[in-house]
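# Residue-level structure breakdown
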Amino acid sequence: MMATASKSKGHQKGGDETTVRERILEAAFAAFMKSGYATTSMLEIATRARVSKRELYAQVGNKQEMLIACISERANRLDVPAALPVLRDRETLEQVLASFGTKLVREISDPTVIAVFRLAIAEAVQAPEVAHALNSIGREASRAALRKIMASAQASGLLTGRPAELAEQFSGLLWGHLMVSLLLGVAERPNPREIAGRARDAAAAFLQLHPLPNDAPAC
């Protein structure tokens, strides 16, 4: 019985620590958005999170580690599932690209993520580490996932070319001018139906640009 109680207490403590960490990261992100990364102090974050500065460092670390944790949490949602369908035909490839494209636009067009991009731009001079973290953690997650899909398609003989270049081409077709418009605040975030349509159109256009050798039109 004591062992059970001890285990329950330990589980509760672990849960409490998770809650405190989440509260700290939420407070840090809110402070970064309000005051800017460079000028936000650890005291301000601790006050917002209702913890001591000592607990702040123990739970998360310094300010840069908080920034990385905030970005990483979102970046993890842009990974390709381990159970990626076997790409045996172009129809499956088109479905996978459309599905991933939908997920990508949905996640990145989220107002919170757009706010992070704006923060990185605003802090480019005073705190370039914001942009570096966003690029190496956040943006790299989606690029790596797309490269993985393209490499799988190439291995199955469904595409030719370098996976990195193919991934960039698909991204260009998927986003067009949308990202710049969202950053400037001159466009509304597309609704789920519009996002899905955009992804399907990008996948279809991409495959038209990269026909199989035996599908290429005769000269």
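All values derive from a computational prediction rather than experimental measurement.

Reading the values: the criteria
- Residues numbered from 1 in each chain as written.
- Predicted model: local features only at pLDDT ≥ 70, side-chain atom pairs only at ≥ 80, totals over all residues.
- Heavy atoms only, no water.
- Helix = DSSP H or I, 4+ residues; strand = E, 2+ residues; numbered from the N terminus.
- Buried < 20%, exposed > 50% of the residue type's maximum accessible area, 1.4 Å probe, protein only.
- Contact = heavy atoms within 4.5 Å.
- Areas by Shrake-Rupley, 256 points an atom, 1.4 Å probe, with all protein chains shown as cover.
- 1 Å grid on protein atoms, 1.4 Å probe; cavity = no way out; pocket = protein on both sides within 12 Å on 5 of 7 lines; lining within 4 Å.
- Points joined across faces, edges and corners; volume = space filled by probe spheres on them.
- Nonpolar A, V, L, I, M, F, W, Y, C, P; charged D, E, K, R; others polar.
- Core = buried A, V, L, I, M, F, W, Y, C linked by side-chain atoms within 4.5 Å.
- Arc of directions from axis to C-beta.
- Phe/Tyr/Trp six-rings, centres within 6.5 Å; stacked < 30°, edge-to-face > 60°.
- Lys NZ or Arg CZ within 6 Å of the ring centre and 35° of its normal.

## Quick notes on the overall build of the protein chain
Looking only at helices and strands, the protein chain has 10 helices and 0 strands in total. Counting all 219 residues of the protein chain, 40% fall into the buried class. Pairs at least 24 residues apart make up 71% of the contacts formed inside the protein chain by residues separated by at least 6 positions. With the model as given, the accessible surface of the protein chain reaches about 12,800 Å², and the carbon-plus-sulfur share is 54%.

## Some thoughts on the layout of surface pockets
Quantified by volume, the second largest pocket comes out at close to 330 Å³. Contributions of two or more residues to the lining of the second largest pocket are made by α5 (90-108), α7 (128-155) and α8 (163-175). Residue contributions to the lining of the second largest pocket peak at 5 residues, all from α8. In terms of residue class, the lining of the second largest pocket is made up of 7 nonpolar, 4 polar and 3 charged.

## A short note on the nonpolar core
By size, the foremost hydrophobic cluster in this structure holds 61 residues, and its most contacted members are Ile-24, Ile-45, Met-66, Leu-93, Leu-97, Met-150 and Phe-170. The contact partners of Ile-24, leaving out residues within four places of it in the chain, are Ile-45, Ala-49, Val-51, Glu-55, Leu-56, Gln-59, Val-60 and Met-66.

## Considerations on helix α2 (residues 42-49)
Those residues of α2 that sit buried are Met-42, Ile-45, Ala-46 and Ala-49. For α2, the buried positions fall inside an angular range of 100° around the axis, keeping them on one side. Away from the buried face of α2 by more than 90 degrees, exposed residues Leu-43 and Thr-47 are located.

## Thoughts on unusual backbone geometry
One non-glycine residue, Arg-50, lies in positive phi territory at about 60°. Given the relative accessible area of 63%, Arg-50 is considered exposed.

## Regarding the packing of aromatic side chains
What the rule picks out here adds up to 2 aromatic pairs. Relative to Phe-206, the ring of Phe-170 has its centre 5.9 Å away and its plane inclined at 85°; by these criteria the two rings are edge-to-face. Taken together, the positions of Phe-170 in helix α8 and Phe-206 in helix α10 (residues 192-209) put the pair 36 residues apart, joining distant regions of the chain. Of the two residues examined, Phe-170 and Phe-206, each falls in the buried class. Seen from the ring of Tyr-37, Lys-63 lies directly overhead, with NZ or CZ sitting 4.8 Å from the centre.

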